[in-house]
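Topology and contacts: notes
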Number of protein chains: 2
Amino acid sequence: MMDTRKHIEVCFTPGEYEYFKDEFEIVVVIDVLRATSAICAGFANGIKSIIPVSTIEEAMEYKAKGYLAGAERKGQIVEGFDFGNSPYSYMRDDFKGKEVVLTTTNGTKALNIAKDAETVVVGSLLNLDALCKWLEVQDKNILCLCSGWQDKFNLEDTICAGAICEYLLSTGKFQSDEDSSIAAKYLFLSAKDNYFGYLKSSSHRRRLKNLNLNEDIKYCLTPNQTDVIPVLRDGKLTDISK
Amino acid sequence: MMDTRKHIEVCFTPGEYEYFKDEFEIVVVIDVLRATSAICAGFANGIKSIIPVSTIEEAMEYKAKGYLAGAERKGQIVEGFDFGNSPYSYMRDDFKGKEVVLTTTNGTKALNIAKDAETVVVGSLLNLDALCKWLEVQDKNILCLCSGWQDKFNLEDTICAGAICEYLLSTGKFQSDEDSSIAAKYLFLSAKDNYFGYLKSSSHRRRLKNLNLNEDIKYCLTPNQTDVIPVLRDGKLTDISK
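Since the structure is predicted, the reported quantities are computational estimates derived from the model, not experimental observations.

1. Topic: the packing of helix α5 (residues 155-170) of chain B against helix α6 (residues 179-191) of chain B
All names here are of chain B. As a packed pair, α5 and α6 sit with axes 7 Å apart at the nearest point and diverge in direction by 100 degrees. Here α6 runs roughly perpendicular to α5, going by the angle between their axes. Side by side, α5 and α6 meet where T158, I159, A161, G162, A163, C165 and E166 of the first sit next to S181, A184, K185, L187, F188, L189 and A191 of the second. Classifying every residue of the contact of α5 with α6 by side-chain character gives nine nonpolar, three polar and two charged.

2. Quick look at the nonpolar core
If you look at the biggest cluster of nonpolar residues, it comprises 154 residues, and the most contacted ones within it are L145 and I164 of chain A together with L145 and I164 of chain B. Once you skip the residues sitting within four places of it in the chain, L145 of chain A turns out to touch C11, P14, Y17, V27, V28, V29, I30, A110 and A114 of chain A.

3. A look at the pairing of strand β10 (residues 230-233) of chain B
All names here are of chain B. Residue alternation in β10 divides its side chains into a buried set, P230 and L232, and an unburied set, V231 and R233. When strand β7 (residues 119-123) meets β10, the two strands line up antiparallel, connected through two bridges. In the sheet register, V120 faces β10, and the bridge partner there is L232. Alignment of β10 against strand β11 (residues 236-239), held across four bridges, turns out to be antiparallel. Bridged to R233 within β11 is K236. The hairpin turn running from β10 into β11, its antiparallel successor, is two residues long, and D234 in that turn takes a positive phi close to 50 degrees.

4. Notes on the pairing of strand β2 (residues 26-30) of chain B
All names here are of chain B. Counted residue by residue, β2 has five buried out of five residues, so it is predominantly covered. Side-chain alternation along β2 places I26, V28 and I30 on one buried face and V27 and V29 on a second face that is also buried. The pairing of β2 with β7 spans five bridges and is classified as parallel. Each residue of the ladder has a partner; that of I26, found in β7, is T119.

5. Some details on the interface of chain B and chain A
If you look at the interface, chain B gives 24 residues, while chain A gives 24 residues. Elements with a minimum of two residues in the side of chain B that touches chain A: α5, α6 and α8 (203-210) of chain B. Among the elements that take part in the side of chain B that touches chain A, α6 of chain B stands out by supplying seven residues, more than any other. For the side of chain B that touches chain A, the residue count by class is eight nonpolar, 10 polar and six charged.

6. A short note on the relation of the copies chain B and chain A
Expressed as a screw operation, the relation of chain B to chain A combines 0.0 Å of axial shift with a rotation of 180 degrees, fitting to an RMSD of 0.0 Å. Overall, the copies show the geometry of a two-fold rotation axis. Nearest to the rotation axis, the C-alpha of L187 of chain B is located 3.7 Å from it, this being the minimum over chain B. By residue overlap, the copies meet face to face through one surface: 100% of the interface positions of chain B are interface positions in chain A.

7. Topic: unusual backbone geometry
Residues and elements named next belong to chain A. Following L33, the chain continues to R34 via a peptide bond in cis, the omega torsion being 10 degrees. Positive phi values are uncommon outside glycine, yet Q150 reaches one of about 50 degrees. With respect to the helices and strands, Q150 occurs in the loop between β8 (142-146) and α5 (155-170).

8. Concerning the environment of T226 of chain A
Residues and elements named next belong to chain A. With respect to the element layout, T226 can be found in the loop between α9 (214-220) and β10 (230-233). Taking C-alpha positions, T226 is 7.4 Å from C40, a pair spaced 186 residues apart along the chain. Leaving out residues up to four positions away in the same chain, T226 has contacts with C40, A44, L126 and N127.

9. Side note on the environment of D93 of chain B
Structurally, the position occupied by D93 of chain B is in the loop between β5 (76-77) and β6 (99-103). For the pair D93 of chain B and G46 of chain B, spaced 47 residues apart in sequence, the C-alpha to C-alpha distance is 8.9 Å.

10. A look at the environment of V120 of chain A
All names here are of chain A. With respect to the element layout, V120 can be found in strand β7 (residues 119-123). Residues V120 and V27 lie 93 residues apart in sequence; the distance between their C-alpha atoms is 4.9 Å. With residues up to four places along the chain from it excluded, the contact list for V120 reads V27, V29, L111, A114, K115, V231 and L232.

11. Here's the deal with the packing of helix α4 (residues 128-136) of chain B against α5 of chain B
All names here are of chain B. One way to put it is that α4 packs onto α5 with a least axis distance of 10 Å and a crossing angle of 45 degrees. Between α4 and α5, the angle falls in the class oblique. Helix-helix and strand crossings are classified by hand; for α4 and α5 the assignment is right-handed. Residue-level contacts link L128, C132, L135 and E136 of α4 to A163, I164, Y167 and L168 of α5. Within the contact of α4 with α5, the residues separate by chemical class into seven nonpolar, no polar and one charged.

Each value, and the rule that gives it
Residues numbered from 1 in each chain as written. Chains lettered and ligands numbered in written order. Predicted model: local features only at pLDDT ≥ 70, side-chain atom pairs only at ≥ 80, totals over all residues. Axes fitted to C-alpha atoms, helices over the stretch in contact; angles between N-to-C directions. Helix = DSSP H or I, 4+ residues; strand = E, 2+ residues; numbered from the N terminus. Parallel < 35°, antiparallel > 145°, perpendicular 65-115°, else oblique. Contact = placed C-beta atoms within 7 Å. Nonpolar A, V, L, I, M, F, W, Y, C, P; charged D, E, K, R; others polar. Core = buried A, V, L, I, M, F, W, Y, C linked by C-beta atoms within 7 Å. Buried ≥ 20, exposed ≤ 12 C-beta atoms within 10 Å, placed from the backbone. Pairing = 2+ DSSP bridges. Least-squares fit on C-alpha atoms with pLDDT ≥ 70 in both. Left-handed = near helix turned anticlockwise from the far one by under 90°.

Right, dumping it as structure tokens:
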């Protein structure tokens, strides 16, 4: 009998996306620390839309046109911008109902790499349950694309991807075939009782800790704070949960 | 106080090697199923040297010159060759003392990518303990380069790399900084009591099982069958343990 279950798979880095992309209708872009968490926080706070751009120059052009524009590189706000990818900067009252432009080291790069997929959706621990339930009913092949850290594997994105795999596999409607998916699930299962403790040895967390971003990290590692489903359409993210 | 410990890190795929290569003096190339296991089995059986080549054409040229030459692609022996990367094919009596040429899908590709490193050594579960002890006394920064499966992450190479990390970290003389190294160690720790059971869901093992290679897999997943240390010098692997 043919196995009609859809696939849920994990790609560890944007660089490997080319080996996966042709087989998936939905790509979940994940950058837990901090771009996709900030995007979820922004929509939870009532931002109207977010335009992810790859370069600082593009963000600067939008800013010159009067847009609210943020830029982050190597964990810090880029000179000339007022905000980067801290989730807290997206909770400001004056952002409600606005269109915001954002460029980050890893997350917006991954969003742009995936932009030709049928559907691109933003994943983080913040919208984990809502996202999993939404993915479950789409009846599509799903790829979790981890943003990584400067083209390398990172633990926090992998664990978030593993959580999505674990949920969707448990429904019986999905299967995983790739070793990366199996590894992500194993890593999630060993991390799930204490993300913060598990990730304490993660290179990325250590890097952000040096920048005094512990509050951000705690926020980003706290699952299910919002039900937003940010989807990329025509170069713009909007929350389709409403 | 400056941390003077050397690094032991893990690169999951040959494609990511470029992000790592400049910081390591020793590269351990790992292709558990089956190229680096076959190489270890060959040296354990008294083969004099092995010339890893990237293409079938190169292997064919050597064969035309009278060399013993093997070629594998997608798990199977390439037409026109007598052997591929099954460890059992390297245990033949007529291979003792001989120079053998080999090309494989993943393993010899990884060896060639790493060839400009100061030292390139072959790792597998078969020579795990001997290799770890040898690495411990070199006092160098070490990168485990997993061959992966067709440019993607695989579990068995990662677990072997994780075993090397775990050993070297336990000596107190090494540190790991990359999330890939931390993940490899976690995956090894959850797999170490039963490699065969752990990898039963691995895509690669399933693929090889379809080719009736269960005996090969059992052999490759049985640690510490030999003390060989195959090192690449001037395009040729020899066992420097003797």
